[in-house]
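Close look at the chain arrangement
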Amino acid sequence: VAGYCHARQSWSDEYLAGDWERLHSLEELGRYSILAGYVRHLGPRLKILDVGCGNGAMMEELRPSGHTYVGCDLALPAVRRALATATESDMFVIAQAQQLPFRPGAFDAVICSEVLSYLPDVPVAVDAMVAVLARDGHLLVSLFDAFDRPESDCWKHVLSATNVVDMVTLTRLGGNNSTGHRGDTTRPVTWRIALLTPRRSSA
Ligand SMILES: C[S@@+](CC[C@H](N)C(=O)[O-])C[C@H]1O[C@@H](n2cnc3c(N)ncnc32)[C@H](O)[C@@H]1O
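These numbers were taken from a predicted model, which means no experiment stands behind them.

The next thing to look at is the overall build of the protein. Within the protein one finds six helices and seven strands. Of the regular secondary structure in the protein, the N- to C-terminal order runs α-α-β-α-β-α-β-β-α-β-α-β-β. Each of the 203 residues in the protein was classed as buried or not, and the buried ones make up 48%. Of the contacts formed within the protein by residues at least 6 apart in sequence, a portion of 67% connects residues at least 24 apart. As displayed, the protein has an accessible area near 9700 Å², and 53% of this comes from carbon and sulfur atoms.

This next bit is on helix H2 (residues 26-42). Between the first and last C-alpha of H2 there are 25 Å, a value that for 17 residues agrees with the 24 Å anticipated at 1.5 Å per step. Buried within H2 we find Glu27, Glu28, Arg31, Tyr32, Leu35, Ala36, Tyr38 and Val39. In this structure, the buried residues of H2 make contact with strand S1 (47-51), helix H3 (57-61), strand S4 (107-113), strand S5 (133-144), strand S6 (162-172) and strand S7 (189-198). The positive-phi residue at the C-terminal boundary of H2 is Gly43, with phi of around 125 degrees.

Moving on, we come to the pattern of salt bridges. Tallied over the entire structure, the rule returns three salt bridges. Note that Arg81 and Glu21 form a salt bridge whose closest N and O atoms lie 2.8 Å from each other. With a gap of 60 residues between them, Arg81 in helix H4 (residues 76-83) and Glu21 in the loop between helix H1 (8-16) and H2 connect regions that are remote in the sequence. Here Arg81 falls in the partly exposed class, since its relative accessible area comes to 26%.

Grouped together as the largest cluster of nonpolar side chains are 33 residues, with contacts concentrated most on Leu62, Ile111 and Leu140. For this core, the secondary-structure elements that each account for two or more residues are H1, H2, H3, H4, S4, S5 and S7. Looking at this core, the element that brings in the most residues is H2, giving five residues. Residue contacts for Leu140: discarding those within four places in its chain leaves Leu35, Tyr38, Val39, Leu42, Ala109, Val110, Ile111, Cys112, Ala194 and Leu195. The next biggest cluster of nonpolar side chains, apart from the first, holds 31 residues, and it includes Val110, Ala125, Leu139 and Val141.

Chain-level pLDDT for the protein is 89 on average; 87% of the residues reach the 70-or-more range. In this model, residues 176-180 is a region of pLDDT below 50 whose contacts with residues beyond four sequence positions or in other chains number 12 contacts.

We now examine the sheet that holds S1. Strand order in the open sheet formed by seven strands is S3-S2-S1-S4-S5-S7-S6, with mixed pairing between adjacent strands. What marks the edges here is a single partner per strand, and that holds for strand S3 (91-94) and S6. Strand-to-strand twist of the sheet, defined as the mean angle between neighbouring strand axes without regard to direction, takes the value 15 degrees. Lying on the sheet, H2 is in contact with S1, S4, S5, S6 and S7; it crosses S7 at an angle near 15 degrees. Strands in contact with helix H5 (residues 122-131) are S1, S4, S5 and S7; relative to S5, the strand with the most contacts, it is inclined by about 145 degrees.

Thresholds, definitions, all that
- Residues numbered from 1 in each chain as written.
- Predicted model: local features only at pLDDT ≥ 70, side-chain atom pairs only at ≥ 80, totals over all residues.
- Heavy atoms only, no water.
- Helix = DSSP H or I, 4+ residues; strand = E, 2+ residues; numbered from the N terminus.
- Buried < 20%, exposed > 50% of the residue type's maximum accessible area, 1.4 Å probe, protein only.
- Contact = heavy atoms within 4.5 Å.
- Areas by Shrake-Rupley, 256 points an atom, 1.4 Å probe, with all protein chains shown as cover.
- Expected span 1.5 Å × (residues − 1).
- Salt bridge = Lys/Arg side-chain N within 4 Å of Asp/Glu carboxyl O.
- Core = buried A, V, L, I, M, F, W, Y, C linked by side-chain atoms within 4.5 Å.
- pLDDT = per-residue confidence, 0-100.
- Pairing = 2+ DSSP bridges.
- Axes fitted to C-alpha atoms, helices over the stretch in contact; angles between N-to-C directions.

Quick look at the structure:
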């Protein structure tokens, strides 16, 4: 996984350089729409934690909403950008996905969108997210099909801790205006997106 685990400083530098403004572009809209659809399916007035929330694109897609939204990211410049379009009720925390500073069972839904591929210790992060879910809570995961770290590697860890409620594959074909992923303007990009429930021990 070398080269895939950004340090906090590189994330911050990339956000400051504007590299991740593309998260607000049309090319990313499909996956946010599917995640927002899953949230809509779950119901109104949820307590939602967005782990690795980035610069606010998912938060914006959840509007209008009566949800309580908490974004968590390790990169302060990302959160500053998210704050620019946040409402008074949105909250943000600077924290690591692997050590979430919330009480057990605090959230109805945890969104983890395009984050796990970048982490060195995926099982630790998945456990941390499951721990902050309410008993009937849901985990929502999106992962793009990375060629240098097979998505199946991350999914293996996710699926060992959860049961699938629904899972879709989204493929975006190239477009004239595409910024592409990792510099490639023509390659189709595929994401797998899932709505999951944690496996609980019966004890
Ligand atoms: C590709 S961006 C995705 C952002 C957002 N979830 C979205 O879908 O638009 C990955 C995000 O994960 C954050 N991140 C990376 N490692 C993290 C960690 N260990 N804990 C929390 N956030 C992390 C980065 O700062 C970045 O904002």
